[in-house]
Amino acid sequence: SQQGEEDPQALSIQEGENATMNCSYKTSINNLQWYRQNSGRGLVHLILIRSNEREKHSGRLRVTLDTSKKSSSLLITASRAADTASYFCATVAFGNQGGKLIFGQGTELSVKP
Amino acid sequence: SAVISQKPSRDICQRGTSLTIQCQVDSQVTMMFWYRQQPGQSLTLIATANQGSEATYESGFVIDKFPISRPNLTFSTLTVSNMSPEDSSIYLCSVEFGTGGFYEQYFGPGTRLTVT
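Bear in mind that the values here come from a model prediction, so they are computed numbers and not experimental data. (Residues numbered from 1 in each chain as written. Chains lettered and ligands numbered in written order. Predicted model: local features only at pLDDT ≥ 70, side-chain atom pairs only at ≥ 80, totals over all residues. Heavy atoms only, no water.)

*Asks:* For this particular structure, what's the right way to read the pattern of salt bridges?
*Replies:* Summed over the entire model, instances satisfying the criterion amount to five salt bridges over all chains. Glu55(A) serves as the salt-bridge partner of Arg62(A), at 3.1 Å between the closest nitrogen and oxygen. Judged by its relative accessible area of 30%, Arg62(A) is partly exposed. Of the charged contacts, one joins Glu58(B) and Lys100(A) as a salt bridge, the two residues approaching to 2.6 Å between their closest N and O atoms. Within this pair, whereas Glu58(B) is found in the loop between strand S6 (56-57) and strand S7 (68-72), its partner Lys100(A) is found in the loop between strand S9 (85-93) and strand S10 (102-103), the two belonging to separate chains. Overall, Glu58(B) belongs to the buried group, its relative accessible area being 17%. (Salt bridge = Lys/Arg side-chain N within 4 Å of Asp/Glu carboxyl O. Buried < 20%, exposed > 50% of the residue type's maximum accessible area, 1.4 Å probe, protein only. Helix = DSSP H or I, 4+ residues; strand = E, 2+ residues; numbered from the N terminus.)

Shown next as C-alpha coordinates:
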(Lines give C-alpha, C1' and ligand atoms only; values in the text may rest on other atoms or scores of the structure.)
Protein backbone atom coordinates (compact mmCIF):
# COMPACT_ATOMS: atom_id res chain seq x y z
CA SER A 1 0.00 0.00 0.00
CA GLN A 2 1.14 3.53 -0.57
CA GLN A 3 2.74 5.18 2.41
CA GLY A 4 2.24 8.79 1.63
CA GLU A 5 -0.15 11.37 0.48
CA GLU A 6 1.07 14.36 -1.42
CA ASP A 7 -0.58 17.66 -1.97
CA PRO A 8 -1.34 19.35 -4.10
CA GLN A 9 -1.85 16.70 -6.76
CA ALA A 10 -1.18 19.35 -9.39
CA LEU A 11 0.42 22.78 -9.20
CA SER A 12 0.72 25.40 -11.92
CA ILE A 13 2.92 28.47 -11.44
CA GLN A 14 4.77 31.11 -13.43
CA GLU A 15 8.51 31.06 -13.96
CA GLY A 16 10.31 32.77 -11.11
CA GLU A 17 7.71 31.84 -8.51
CA ASN A 18 8.32 29.38 -5.71
CA ALA A 19 6.69 25.94 -5.67
CA THR A 20 5.88 24.10 -2.46
CA MET A 21 4.85 20.46 -2.35
CA ASN A 22 3.85 18.55 0.75
CA CYS A 23 4.09 14.90 1.67
CA SER A 24 2.61 13.00 4.60
CA TYR A 25 3.42 9.47 5.64
CA LYS A 26 2.04 6.95 8.09
CA THR A 27 4.79 4.99 9.82
CA SER A 28 8.14 5.72 11.44
CA ILE A 29 10.93 6.27 8.96
CA ASN A 30 14.68 6.00 8.64
CA ASN A 31 14.75 8.68 5.94
CA LEU A 32 12.61 10.43 3.37
CA GLN A 33 13.66 11.11 -0.20
CA TRP A 34 12.35 13.30 -3.01
CA TYR A 35 12.46 12.29 -6.67
CA ARG A 36 11.61 14.01 -9.94
CA GLN A 37 10.13 12.31 -12.99
CA ASN A 38 9.98 13.95 -16.38
CA SER A 39 7.19 12.86 -18.73
CA GLY A 40 6.81 9.29 -17.49
CA ARG A 41 10.50 8.50 -17.74
CA GLY A 42 12.99 7.34 -15.11
CA LEU A 43 13.17 9.00 -11.73
CA VAL A 44 15.95 11.32 -10.68
CA HIS A 45 16.99 11.44 -7.04
CA LEU A 46 16.86 14.98 -5.66
CA ILE A 47 17.55 14.88 -1.95
CA LEU A 48 17.55 12.59 1.10
CA ILE A 49 16.70 13.84 4.57
CA ARG A 50 17.37 11.68 7.58
CA SER A 51 14.82 11.19 10.33
CA ASN A 52 16.96 13.20 12.76
CA GLU A 53 17.27 16.15 10.38
CA ARG A 54 14.74 18.96 10.15
CA GLU A 55 15.85 20.86 7.09
CA LYS A 56 18.15 20.32 4.14
CA HIS A 57 19.16 22.42 1.16
CA SER A 58 20.47 21.57 -2.27
CA GLY A 59 20.75 24.42 -4.75
CA ARG A 60 17.24 25.80 -5.28
CA LEU A 61 15.70 22.96 -3.30
CA ARG A 62 14.78 23.13 0.36
CA VAL A 63 13.32 20.14 2.16
CA THR A 64 11.85 20.13 5.64
CA LEU A 65 10.88 17.15 7.77
CA ASP A 66 8.56 17.12 10.77
CA THR A 67 8.56 13.64 12.24
CA SER A 68 6.02 14.58 14.92
CA LYS A 69 3.53 15.38 12.16
CA LYS A 70 4.89 12.72 9.82
CA SER A 71 5.18 15.25 7.03
CA SER A 72 7.73 16.77 4.70
CA SER A 73 7.77 19.63 2.26
CA LEU A 74 9.79 20.36 -0.86
CA LEU A 75 10.30 23.98 -1.84
CA ILE A 76 11.67 24.90 -5.25
CA THR A 77 12.69 28.53 -5.36
CA ALA A 78 12.83 30.73 -8.46
CA SER A 79 11.23 28.02 -10.59
CA ARG A 80 12.09 27.50 -14.25
CA ALA A 81 10.18 25.94 -17.11
CA ALA A 82 12.66 23.04 -16.92
CA ASP A 83 11.35 22.24 -13.43
CA THR A 84 8.10 21.04 -15.01
CA ALA A 85 7.82 17.41 -13.89
CA SER A 86 6.17 15.11 -11.38
CA TYR A 87 7.67 15.12 -7.91
CA PHE A 88 7.44 12.15 -5.55
CA CYS A 89 8.36 11.67 -1.94
CA ALA A 90 9.46 8.21 -0.85
CA THR A 91 10.17 6.81 2.58
CA VAL A 92 12.45 4.14 3.96
CA ALA A 93 10.94 2.49 7.01
CA PHE A 94 12.50 2.79 10.44
CA GLY A 95 14.88 -0.09 11.05
CA ASN A 96 15.86 -0.32 7.40
CA GLN A 97 18.97 1.28 6.01
CA GLY A 98 17.87 1.04 2.43
CA GLY A 99 15.88 -1.23 0.24
CA LYS A 100 12.18 -0.79 -0.20
CA LEU A 101 11.01 2.72 -1.03
CA ILE A 102 7.36 3.53 -0.41
CA PHE A 103 6.24 6.30 -2.72
CA GLY A 104 3.64 8.99 -2.32
CA GLN A 105 1.15 9.74 -5.04
CA GLY A 106 3.16 12.61 -6.47
CA THR A 107 2.63 16.24 -7.37
CA GLU A 108 2.52 17.28 -11.00
CA LEU A 109 4.24 20.65 -11.32
CA SER A 110 3.80 22.86 -14.36
CA VAL A 111 5.98 25.97 -14.66
CA LYS A 112 4.81 28.34 -17.35
CA PRO A 113 7.38 30.57 -19.07
CA SER B 1 25.86 6.78 -8.63
CA ALA B 2 25.30 4.51 -11.62
CA VAL B 3 24.29 4.50 -15.25
CA ILE B 4 21.35 2.18 -15.76
CA SER B 5 19.91 1.11 -19.08
CA GLN B 6 16.75 -0.82 -19.86
CA LYS B 7 15.63 -2.69 -22.91
CA PRO B 8 13.22 -2.35 -24.56
CA SER B 9 12.32 1.28 -23.93
CA ARG B 10 8.76 0.57 -25.00
CA ASP B 11 6.71 -2.23 -26.49
CA ILE B 12 3.19 -3.02 -27.58
CA CYS B 13 2.22 -6.62 -26.89
CA GLN B 14 -0.74 -8.88 -27.45
CA ARG B 15 -2.62 -10.21 -24.46
CA GLY B 16 -1.56 -13.69 -23.42
CA THR B 17 2.06 -13.19 -24.47
CA SER B 18 5.11 -12.52 -22.29
CA LEU B 19 7.74 -9.81 -22.37
CA THR B 20 11.18 -9.87 -20.80
CA ILE B 21 12.67 -6.55 -19.74
CA GLN B 22 16.42 -6.22 -19.28
CA CYS B 23 18.22 -3.95 -16.83
CA GLN B 24 21.97 -3.32 -17.10
CA VAL B 25 24.05 -1.37 -14.58
CA ASP B 26 27.54 -0.03 -15.23
CA SER B 27 28.83 -1.13 -11.82
CA GLN B 28 28.40 -4.09 -9.52
CA VAL B 29 25.54 -3.83 -7.08
CA THR B 30 24.16 -6.18 -4.47
CA MET B 31 20.47 -5.44 -4.79
CA MET B 32 18.37 -4.46 -7.76
CA PHE B 33 14.75 -3.42 -7.53
CA TRP B 34 11.85 -3.67 -9.95
CA TYR B 35 8.95 -1.19 -9.79
CA ARG B 36 5.69 -0.81 -11.65
CA GLN B 37 4.06 2.52 -12.41
CA GLN B 38 0.52 2.19 -13.67
CA PRO B 39 -0.86 5.02 -15.83
CA GLY B 40 -1.16 8.23 -13.84
CA GLN B 41 -0.08 6.47 -10.65
CA SER B 42 2.91 6.35 -8.38
CA LEU B 43 5.53 3.62 -8.21
CA THR B 44 4.97 0.29 -6.48
CA LEU B 45 7.79 -2.11 -5.68
CA ILE B 46 7.35 -5.49 -7.36
CA ALA B 47 10.39 -7.32 -6.00
CA THR B 48 13.96 -7.09 -4.81
CA ALA B 49 16.56 -9.13 -6.67
CA ASN B 50 19.78 -10.23 -4.98
CA GLN B 51 22.43 -11.97 -6.99
CA GLY B 52 22.61 -15.65 -6.17
CA SER B 53 19.27 -15.94 -4.41
CA GLU B 54 15.58 -15.95 -5.19
CA ALA B 55 13.92 -12.60 -5.62
CA THR B 56 11.77 -11.31 -2.77
CA TYR B 57 8.29 -10.31 -3.91
CA GLU B 58 6.04 -7.71 -2.38
CA SER B 59 2.44 -8.40 -1.44
CA GLY B 60 0.28 -8.68 -4.52
CA PHE B 61 3.08 -9.82 -6.82
CA VAL B 62 3.97 -13.45 -7.50
CA ILE B 63 6.86 -15.22 -9.17
CA ASP B 64 4.67 -16.99 -11.72
CA LYS B 65 3.46 -13.65 -13.08
CA PHE B 66 6.73 -11.70 -12.72
CA PRO B 67 9.69 -14.09 -12.83
CA ILE B 68 13.00 -12.36 -12.22
CA SER B 69 16.54 -13.42 -13.02
CA ARG B 70 19.72 -12.03 -11.49
CA PRO B 71 22.60 -13.91 -13.12
CA ASN B 72 25.36 -11.50 -12.05
CA LEU B 73 26.01 -8.27 -10.17
CA THR B 74 25.32 -5.95 -13.13
CA PHE B 75 22.27 -7.45 -14.80
CA SER B 76 18.68 -8.46 -14.12
CA THR B 77 15.58 -9.33 -16.09
CA LEU B 78 11.90 -9.05 -15.28
CA THR B 79 9.37 -11.03 -17.28
CA VAL B 80 5.74 -10.01 -17.43
CA SER B 81 3.93 -13.26 -18.16
CA ASN B 82 0.56 -14.01 -19.72
CA MET B 83 -0.10 -10.33 -20.15
CA SER B 84 -3.46 -8.61 -19.95
CA PRO B 85 -4.34 -4.94 -20.58
CA GLU B 86 -4.10 -4.37 -16.81
CA ASP B 87 -0.34 -4.96 -17.10
CA SER B 88 0.03 -1.82 -19.22
CA SER B 89 2.47 0.22 -17.15
CA ILE B 90 5.95 1.63 -16.99
CA TYR B 91 8.36 -0.87 -15.47
CA LEU B 92 11.49 0.55 -13.85
CA CYS B 93 14.56 -1.03 -12.35
CA SER B 94 16.72 0.66 -9.76
CA VAL B 95 19.84 0.17 -7.69
CA GLU B 96 20.92 1.79 -4.47
CA PHE B 97 24.09 3.50 -3.34
CA GLY B 98 24.93 5.10 -0.09
CA THR B 99 27.08 5.33 2.97
CA GLY B 100 26.61 5.46 6.67
CA GLY B 101 23.40 3.49 6.60
CA PHE B 102 21.54 5.80 4.21
CA TYR B 103 20.91 4.77 0.63
CA GLU B 104 19.59 6.56 -2.42
CA GLN B 105 18.11 4.76 -5.39
CA TYR B 106 19.01 5.37 -9.00
CA PHE B 107 16.50 4.43 -11.65
CA GLY B 108 16.67 3.23 -15.19
CA PRO B 109 14.73 5.12 -17.88
CA GLY B 110 11.82 2.69 -17.70
CA THR B 111 10.07 0.35 -20.13
CA ARG B 112 6.67 1.55 -21.28
CA LEU B 113 4.49 -1.50 -21.91
CA THR B 114 1.14 -1.39 -23.65
CA VAL B 115 -0.93 -4.58 -23.79
CA THR B 116 -3.72 -4.74 -26.37
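*Asks:* Would you explain the sheet that holds strand S1 (residues 4-7) of chain B in this entry?
*Replies:* Hydrogen bonds between backbone groups are what pair the strands of a sheet, and the pairing can be parallel or antiparallel. All names here are of chain B. In spatial order, the strands read S1-S3-S8-S7; together these four strands make up an open sheet with antiparallel pairing. Across the chains shown, the open sheet's two edge strands, defined by having one partner strand only, are S1 and S7. The sheet shows a mean angle of 15° between the axes of neighbouring strands, taken without regard to direction. Sheet topology places strand S3 (residues 19-25) next to strand S8 (residues 75-80); six bridges connect them, and they run antiparallel. (Pairing = 2+ DSSP bridges. Axes fitted to C-alpha atoms, helices over the stretch in contact; angles between N-to-C directions.)

*Asks:* Explain the side chain of Ser79(A) to me, please; I cannot follow it from the model alone.
*Replies:* Residues and elements named next belong to chain A. You can see Ser-79 is positioned in the loop between strand S8 (71-76) and S9. Residue Ser-79 is classed as buried on the basis of its relative accessible area, which comes to 2%. Of the polar contacts made by the side chain of Ser-79, one reaches the backbone oxygen of Glu-17; its length is 2.8 Å. Here Ser-79 is in contact with Ile-13, Gln-14, Glu-15, Gly-16, Glu-17, Arg-60 and Val-111, once residues within four sequence places are set aside. (Polar contact = N/O pair within 3.5 Å; in protein donor to acceptor, adjacent residues only side chain to side chain. Contact = heavy atoms within 4.5 Å.)

Geometric values such as these leave the question of function open.
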